[in-house]
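What follows is the residue order along each chain.
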Amino acid sequence: VRGDSNALHKRVLYKHLLHRLLLKQYDGFLAVGKANKEFYLKGGVPAKKIFFAPHAVDNQRFEKQAAMTDSQKKEFRNRWHIPQDIVCFCFSGKFEIKKRPMDILLALDKIVRQSKEKVHLLMIGDGNLRKECKAFSGSRKLPVTFTGFLNQKEIPYAYNICDCLILPSDYGETWGLVVNEAMACGLPVIVSDRVGCYPDLIVPEKTGHVVPFGDTEALAAMMLRYLNKKENLYQMGLNARKHVKDYSIETLTKGTLNAIKFVTEVKR
């Protein structure tokens, strides 16, 4: 079995008991990450039955597509009205409740009102909340560009002209593959403490940071910290790209094959 359930949030007793009964039906488990493995362990699964098969993207493709010349970067920044010499944060995903795009705009508004630091935000994607986000951004005259939907060929270019990805989602974000994508493109990431991938991919001070869910003050403070230490962003991006290499299709394949071998040997 392979699933996204994780142990980041507590469940009522009857759900926990139901999960324990369900998990007994399986002979092998593919863990997509640390929090998912902890869910299995708390459900009574022996560690020997759990195999690491992480959520992954094609890291090499994203890294290759994100390689742009300075002139190309300038062209794309001009296309999306992003000044050349300032830090640009980005959001990538559906504009829906669980991803909390408004949290980023509220944090950005605090920065704009309270700091002299120049900043920009690139919001990639579409969804039900996009209209609300654009209306708020316009009413507050925030430095934001909404790209609309971008396909998989365009997204690496968008990441590469930005300096940091932000994903402030709730527990519904059981992993967050956009974090893999951004890190493969060399970006550090700020996530909430409810995003499923954070125990695996976020190494504080190295690949990014974790902030409390729904705390726009904390998010604004972290963004401002990044703005005040621009020189650290490049190195953190290199660290992120190196770290996410272990979360690859090759590792996923290896874990799956090991699980198959284990299960078939048990069945003999």
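Definitions and cut-offs
- Residues numbered from 1 in each chain as written.
- Predicted model: local features only at pLDDT ≥ 70, side-chain atom pairs only at ≥ 80, totals over all residues.
- Heavy atoms only, no water.
- Pairing = 2+ DSSP bridges.
- Helix = DSSP H or I, 4+ residues; strand = E, 2+ residues; numbered from the N terminus.
- Axes fitted to C-alpha atoms, helices over the stretch in contact; angles between N-to-C directions.
- Parallel < 35°, antiparallel > 145°, perpendicular 65-115°, else oblique.
- Left-handed = near helix turned anticlockwise from the far one by under 90°.
- Contact = heavy atoms within 4.5 Å.
- Nonpolar A, V, L, I, M, F, W, Y, C, P; charged D, E, K, R; others polar.

Draft legend 1. Looking closely at the sheet that holds strand E7 (residues 189–192). Read from one edge to the other, the open sheet built from six strands follows the order E5-E4-E3-E6-E7-E8, with strand pairing classed as parallel. Across the chains shown, the open sheet's two edge strands, defined by having one partner strand only, are strand E5 (144–148) and strand E8 (208–211). Taken over all neighbouring pairs, the strand axes of this sheet differ in orientation by 20° on average, direction set aside. Where strand E6 (residues 164–167) meets E7, three bridges bridge the pair, whose relative direction is parallel. Bridge assignment links Leu 167 to a residue of E7, and that residue is Val 191.

Draft legend 2. Focus on the packing of helix H8 (residues 177–184) against helix H11 (residues 230–244). Running from N to C, H8 and H11 cross one another at 120°; their axes reach a closest spacing of 7 Å. Judged by the angle between their axes, H8 and H11 are oblique. With respect to the hand of their crossing, H8 and H11 are arranged in left-handed fashion. Where H8 abuts H11, its residues Asn 180, Met 183 and Ala 184 lie against Ala 240, Arg 241, His 243 and Val 244. Its residues assigned to classes, the contact of H8 with H11 comprises four nonpolar, two polar and one charged.

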